[in-house]
Amino acid sequence: MGTLLRRLIEHLDGAVEASYTGDGLDYRPRYTPIVRALVRDGPATIRDLAARTGVSHSAASQTVAQMAEHALVTLVPGADARERIVAAAPALEAMLPQLERRWAATEAAARSIDTDLGLPLADVVAQALDALECQPFADRIRQSEAVHPET
């Protein structure tokens with residue numbers, strides 16, 4: 001299952017990244033949740049961005065660092081020395097019209113997969129994540145081992 005999920009992500013993210021490159025954008029799919037949060041809600045701490053995007057603080061911090069290296073965001077000190085406020089940089093703001101078109105095309109392509117499957121892929125993934133929130137996979141493995149100790 002893990003291999004299949006990795007292959008799915010490689011197909012999806014690889015095609016999306018290629019579409020950005022084709023548009024002449026130096027942009028990665030992993031930036032999108034952060035960018036959307038900044039566009040929607042304005043400057044925020046990395047901790048707030050992590051919470052808003054549903055990723056770990058570490059993942060948000062790494063993504064923001066990559067974005068800062070490419071001058072897509074600015075970082076300024078926050079209320080305490082450990083806190084940094086992230087804001088969209090002019091280079092990112094200049095990309096937004098192209099990104100919005102790319103995101104619309106990506107959404108349409110995702111709907112075509114839903115049509116092929118006969119159900120929304122995002123809903124299936126969300127349901128799987130909800131099920132794992134209720135009962136983590138590690139717990140499920142332990143239960144399976146208890147029921148089938150010989151396997």
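Refer to the structure printed above.
Remember, it's a predicted structure, so these values are computed and weren't measured experimentally. (Residues numbered from 1 in each chain as written. Predicted model: local features only at pLDDT ≥ 70, side-chain atom pairs only at ≥ 80, totals over all residues. Heavy atoms only, no water.)

Peer 1: Can you explain the packing of aromatic side chains? Please cite residues and give values.
Peer 2: If you walk through the whole model with that rule in mind, you get two aromatic pairs. Residues Tyr-20 and Tyr-27 carry aromatic rings whose centres are separated by 4.7 Å and whose planes lie at 75 degrees to one another, so their mutual orientation is edge-to-face. Pairing Tyr-27 with Tyr-31 gives two aromatic rings, centres 5.3 Å apart and planes at 90 degrees, and the pair type is edge-to-face. By relative accessible area, Tyr-31 is classed as buried at 1%. Cluster of aromatic residues (ring-pair linked, three or more members): Tyr-20, Tyr-27 and Tyr-31. Lying across the ring of Trp-103, Arg-36 places its NZ or CZ 4.4 Å from the centre. (Phe/Tyr/Trp six-rings, centres within 6.5 Å; stacked < 30°, edge-to-face > 60°. Buried < 20%, exposed > 50% of the residue type's maximum accessible area, 1.4 Å probe, protein only. Lys NZ or Arg CZ within 6 Å of the ring centre and 35° of its normal.)

Peer 1: Can you explain helix H4 (residues 57-69)? Please cite residues and give values.
Peer 2: With 13 residues, H4 should cover 18 Å at 1.5 Å per step; its first-to-last C-alpha distance of 18 Å lies within 8% of that length. Considered for burial, the residues of H4 that qualify are Ala-60, Thr-63, Val-64 and Met-67. Down the axis of H4, the buried side of the element spans an arc of 100 degrees, and every buried residue falls inside it. Looking one or two residues past H4, Ala-71 carries a phi angle of roughly 60 degrees, positive in sign. (Helix = DSSP H or I, 4+ residues; strand = E, 2+ residues; numbered from the N terminus. Expected span 1.5 Å × (residues − 1). Arc of directions from axis to C-beta.)

Peer 1: Give a description of the pairing of strand E2 (residues 73-77) that names residues and reports values.
Peer 2: Where E2 meets strand E3 (residues 84-88), five bridges bridge the pair, whose relative direction is antiparallel. Note that in E3 the partner of Thr-74 across the bridge is Ala-87. Joining the antiparallel neighbours E2 and E3 is a turn of six residues. (Pairing = 2+ DSSP bridges.)

Peer 1: Before we move on, could you go through helix H1 (residues 2-22) and cite the residues and values that matter?
Peer 2: The end-to-end C-alpha separation of H1 is 30 Å, in line with the 30 Å expected for 21 residues at 1.5 Å each. Among all positions in H1, only Val-16, Ser-19 and Tyr-20 are buried. Projection of H1 onto a plane perpendicular to its axis shows the buried side chains occupying an angular sector of 110 degrees, all on one side. Those residues of H1 that are exposed and aimed more than 90 degrees away from the buried face are Thr-3, Arg-6, Glu-10, His-11, Thr-21 and Gly-22. In this structure, the buried side of H1 is in contact with helix H2 (32-41) and helix H5 (90-117). Once H1 ends, the next one or two residues include Gly-24, with phi positive near 80 degrees. (Contact = heavy atoms within 4.5 Å.)

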